[in-house]
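# Working through the structure, step by step
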Amino acid sequence: MHKTQFSAAAALVFFGTISLTSCNRDNESQPAQLTQTQEARAEEAYPGQTGETKTGEFSGSPITYQEINGEKVYEGDILLTAEQVAAAQGQQRPGSAGRTTGRWPSAVVYYTIDAALPSQNRVTDAIAHWQANSPIRFVQRTTQSNYVTFRVGSGCSSNIGMVGGRQYVNLASGCTTGNTIHEIGHALGLFHEQTRTDRDNYVTILTQNIQSGYEGNFTKYSALGYSGTDFGVLDFGSIMMYGSFSFSSNGQPTIVKKDGSTFNIQRTGLSAGDKSGIDAMY
Ligand SMILES: [Zn+2]
């Protein structure tokens, strides 16, 4: 039983952007046997679209991402910048950033909310949750050059960490407050929990059950060339963790615990492990 107290938040650092998407659109009238559809859904930038699979190389390691609507999408809801992909194609990495880049200076995130975004309470509630459970502070942007804009998107998505300049958290109508907390986690530098470099100690990925084109959502972050830290042990309760049935093609699990058992996706709030990870980063 992996009850992780400390979780993980694989922190990221370097570049990135995450976006999320399709959040839950739980249909309350789902048949009882389809339990996985009653759960919160893993985020996706462009639900139902797999775009064009592109491959690159970073430090000798092959990486795969999807090019959808002009965006470079990694792991479903993570948006890569052109600079990152350039790095992935064997060009110079931007800066020498290391692990400290991508963090918001003084743990302060400047933000704006696009006036056209419906249900803005999703954003304000998610921000309030982060502020109540972490050292991160969110301040409405005035003239700062690095900031996040929450806006309407086709799904739920965000960059990983502070990219520099304006960056977005994209929220479709189906993105819940929980999904917004998740996307903000990406913007702060958190990776998906199941992409930790040590995840094979905790889970088995069942590739044969993953929707075609989404296999990359289950790739370790290090395979992209991200520099990160795995804090604590893998946290099955993390808001950054996929559920056993996320991106399943056939109703069978895509991720199980080492003992073969399944687990639920959690998109209610930060876990103790999420808080520990952010505390370690900031
Ligand atoms: Zn995500």
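Looking at an unreviewed UniProt entry, one finds the protein chain named Peptidase M12, with Hymenobacter rigui as its source organism.

## Here we look at the overall build of the protein chain
Helix and strand counts for the protein chain come out as four helices and twelve strands. Of all 282 residues assigned to the protein chain, the portion counted as buried reaches 54%. For the protein chain, the exposed area adds up to about 11200 Å²; of that, 46% sits on carbon and sulfur atoms.

## Comments concerning the pairing of strand 7 (residues 137-140)
Where strand 6 (residues 108-113) lies against strand 7, four bridges are found, and the strand directions are parallel. Within the sheet, the bridge partner assigned to Val109 lies in strand 7 and is Phe138. Each parallel crossover has a hand, and for strand 6 linked through helix 2 (residues 121-133) to strand 7 it is right-handed.

## Examining the pairing of strand 6
Bridge count for strand 6 against strand 8 (residues 147-152) is three bridges, and the pairing is parallel. Bridging from a neighbouring strand, Tyr111 pairs with Val148 of strand 8.

## Some words on the state of the cysteines
Scanning the model with the defined rule gives one disulfide in all. There is a disulfide in this structure between Cys156 and Cys175, and the S-S distance comes to 2.2 Å. Around the S-S axis, the bridge from Cys156 to Cys175 shows a dihedral of about -105° and counts as left-handed. Residue Cys156 is found in strand 9 (residues 156-159), and its partner Cys175 is found in the loop between strand 10 (166-171) and helix 3 (177-188); the two are separated by 19 residues along the sequence. Each member of the pair Cys156 and Cys175 is classed as buried.

## Notes on the UniProt feature "binding site: Zn(2+)" (unreviewed entry) in the protein chain
UniProt annotation of "binding site: Zn(2+)" (unreviewed entry) refers to His182, His186 and His192 when read in the numbering used here. Excluding residues that lie within four positions of it along the chain, His182 makes contacts with Glu43, Asp77, His192, Ile239, Met240 and Arg267. Following the sequence through the fold, His192 ends up in the loop between helix 3 and strand 11 (203-205). A relative accessible area of 0% means that His192 is categorised as buried. With residues up to four places along the chain from it excluded, the contact list for His192 reads Glu75, Asp77, Ile78, His182, His186, Met240 and Tyr242.

## Considering the packing of aromatic side chains
Scanning the entire structure with this criterion turns up seven aromatic pairs. Judged by centre distance (4.2 Å) and plane angle (5°), the ring pair of Phe191 and Tyr221 falls under stacked. You can see Phe191 sitting in the loop between helix 3 and strand 11 and its partner Tyr221 sitting in the loop between strand 11 and strand 12 (255-257), a full 30 residues away along the chain. Residue classification places Tyr221 among the buried residues on the basis of a relative accessible area of 2%.

## Quick notes on the pattern of salt bridges
Tallied over the full model, the rule gives six salt bridges. One salt bridge connects Glu43 with Arg267, and the closest N-O pair in it is separated by 2.6 Å. Of this pair, Glu43 sits in the loop between strand 1 (17-20) and strand 2 (52-58) while Arg267 is found in the loop between strand 12 and helix 4 (272-281), placing the two residues 224 residues apart along the sequence. The shortest N-O distance in the salt bridge between Asp198 and Arg196 comes to 2.7 Å. Several salt bridges share partner residues, and in doing so they unite Glu193, Arg196 and Asp198 into one network.

## What to know about the UniProt feature "active site" (unreviewed entry) in the protein chain
Under the feature "active site" (unreviewed entry), the UniProt entry names Glu183. Mapping Glu183 onto the fold places it in helix 3.

The rules behind the values
- Residues numbered from 1 in each chain as written.
- Predicted model: local features only at pLDDT ≥ 70, side-chain atom pairs only at ≥ 80, totals over all residues.
- Heavy atoms only, no water.
- Helix = DSSP H or I, 4+ residues; strand = E, 2+ residues; numbered from the N terminus.
- Buried < 20%, exposed > 50% of the residue type's maximum accessible area, 1.4 Å probe, protein only.
- Areas by Shrake-Rupley, 256 points an atom, 1.4 Å probe, with all protein chains shown as cover.
- Pairing = 2+ DSSP bridges.
- Right-handed = clockwise from strand over helix to strand, strands pointing away.
- Disulfide = S-S within 2.5 Å.
- UniProt positions renumbered as here; feature names shortened; annotations may be inferred.
- Contact = heavy atoms within 4.5 Å.
- Phe/Tyr/Trp six-rings, centres within 6.5 Å; stacked < 30°, edge-to-face > 60°.
- Salt bridge = Lys/Arg side-chain N within 4 Å of Asp/Glu carboxyl O.

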